[in-house]
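Overview (structure and organization)
Single-letter residue listing:
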Amino acid sequence: MKLIVIWCLLIFSGVGMASFDGNGDQMDDLIWHHQSSGALYQYQLSSNHIQSIDYLATVPPEWSAWRGDFNGDGLSDLLWQHQTSGELWIYLMNNTQRLLSRRIARVGSEWQIRAVVDINGDES
């Protein structure tokens, strides 16, 4: 996670992470999380330009996001972890539409997510 002034850029690509593809076009997209307002935006990218900018939700800055396809639909979903309480929430997404948001667990604050992986190979 890189801090750029007051914007927190979550780029879901690189070592130990998969690309965030909100619309299923096989192109990396970006999630921006504003560190004071909590506004969450998705930038859909197409080759060398921004295709669209969409507001997704407001999420306080003490939450960190991880990408995964948690329902097997081929689109990226978000797993959120609160940095002090350890609460875990899942956002099942369809492009910019949040299909479901649900609290799924609470872990101690000493536990931090480092990667989301497909352990059983079922592509979800």
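Data block above holds the structure.
The sections below set out a description of the structure shown in this document. Here the structure is a predicted model, which is why all the values come from computation and not from measurement. (Residues numbered from 1 in each chain as written. Predicted model: local features only at pLDDT ≥ 70, side-chain atom pairs only at ≥ 80, totals over all residues. Heavy atoms only, no water.)

**A short note on the pairing of strand S8 (residues 87-94)**
The element S8 is largely enclosed, with a buried count of 6 among its 8 residues. Pairing analysis gives 4 bridges linking strand S7 (residues 77-82) to S8, with the strands arranged antiparallel. For Leu-79, the partnering residue across the bridge sits in S8 and is Ile-90. Counting the residues between successive antiparallel strands, the hairpin from S7 to S8 contains 4 residues, one of them, Gly-86, with a positive phi of roughly 80°. Relative to strand S9 (residues 97-106), S8 runs antiparallel, the two being bridged by 8 bridges. Its bridge partner being in S9, Leu-92 is matched across the sheet by Leu-100. Hairpin connection from S8 to S9: 2 residues lie between these consecutive antiparallel strands, with Asn-95 at a positive phi of about 60°. (Buried < 20%, exposed > 50% of the residue type's maximum accessible area, 1.4 Å probe, protein only. Helix = DSSP H or I, 4+ residues; strand = E, 2+ residues; numbered from the N terminus. Pairing = 2+ DSSP bridges.)

**As for the side chain of Gln-81**
Mapped onto the elements of the fold, Gln-81 is located in strand S7. Here Trp-111 takes part through its backbone oxygen, which lies 2.8 Å from a polar atom of the side chain of Gln-81. Ignoring sequence-local partners within four residues, the contact set of Gln-81 consists of Glu-62, Trp-63, Ser-64, Glu-87, Leu-88, Val-107, Trp-111, Gln-112 and Ile-113. (Polar contact = N/O pair within 3.5 Å; in protein donor to acceptor, adjacent residues only side chain to side chain. Contact = heavy atoms within 4.5 Å.)

**Considerations on unusual backbone geometry**
Even without glycine at this site, Asn-95 takes up a positive phi of about 60°. Among the secondary structure elements, Asn-95 is positioned in the loop between S8 and S9.

**Points about the environment of Asn-94**
The residue Asn-94 is located in strand S8 in this model. Asn-94 gets classed as partly exposed once you look at its relative accessible area, which sits at 36%. A C-alpha to C-alpha distance of 8.6 Å links Asn-94 and Asp-73, two positions 21 residues apart in sequence. Those residues in contact with Asn-94, other than ones at most four positions away along the chain, are Gly-22, Leu-75 and Leu-99.

Remember, this is a structural readout, not a statement about activity or role.
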